Amino acid sequence: MNTSPRQINAAIQLLPLCEKIKAMLLIYVAIAVIRNSGLTYRVCPFETVVEGTYEQVMQLVKEIRDSTFNRGGDELVINLKLQFHRNEDLYFTDKTRKHEQ
């Protein structure tokens, strides 16, 4: 088995539990954190998909949590979907390229 860090796909959905205007601000904060992470990402209507090692993705989730709390968030739900492959790096474009217009 290959033990080197593999690139995974992660879908991150942030659900701030607060009024709508503040929630949107916190979502924009989270997107800025993702943008500044250096990871490949794609913002989608319900979640943002990123590529990176497991460690990079978990660090990113921590940074999203910390940044949104620092900007006034009191309670958050962060939903994650993670895809791993034992021997291959994963890229979301491999899954989406054939469906893009």
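Look up a bit, the structure's there.
Let me sum up the structure you'll find in this document.

### Regarding helix α2 (residues 54-70)
Between its first and last C-alpha atoms α2 spans 24 Å; for 17 residues at 1.5 Å apiece the expected length is 24 Å, and the two agree. Within the sequence span of α2, burial applies to Val57, Leu60, Val61, Ile64 and Thr68. What you see down the axis of α2 is that its buried residues fit within an arc of 100 degrees, all on one side. Residues of α2 that are exposed and angled more than 90 degrees away from the buried face: Glu55 and Asn70. Taken from the residues just after α2, glycine 72 is the one with a positive phi, measuring 105 degrees.

### Describing the side chain of threonine 48
Within the secondary structure, threonine 48 is located in strand β3 (residues 48-53). By relative accessible area, threonine 48 is classed as buried at 6%. Non-local contacts of threonine 48, meaning those with residues more than four positions away in its chain, are made with Ala10, Ala11, Ile12, Ile31, Ile34, Tyr41, Arg42 and Val43.

### Re a nonpolar patch on the surface
On the surface, a cluster of nonpolar side chains totalling about 350 Å² of accessible area is made up of Tyr54, Leu80, Leu82 and Phe84. Within the secondary structure, leucine 82 is located in strand β4 (residues 76-83). Under the relative-accessibility criterion, leucine 82 is labelled partly exposed at 34%.

Conventions we followed
Residues numbered from 1 in each chain as written. Predicted model: local features only at pLDDT ≥ 70, side-chain atom pairs only at ≥ 80, totals over all residues. Heavy atoms only, no water. Helix = DSSP H or I, 4+ residues; strand = E, 2+ residues; numbered from the N terminus. Expected span 1.5 Å × (residues − 1). Buried < 20%, exposed > 50% of the residue type's maximum accessible area, 1.4 Å probe, protein only. Arc of directions from axis to C-beta. Contact = heavy atoms within 4.5 Å. Patch = residues over 30% accessible without salt bridge, like charges linked within 9 Å, V, L, I, M, F, W, Y side chains within 5 Å. Areas by Shrake-Rupley, 256 points an atom, 1.4 Å probe, with all protein chains shown as cover. Salt bridge = Lys/Arg side-chain N within 4 Å of Asp/Glu carboxyl O.

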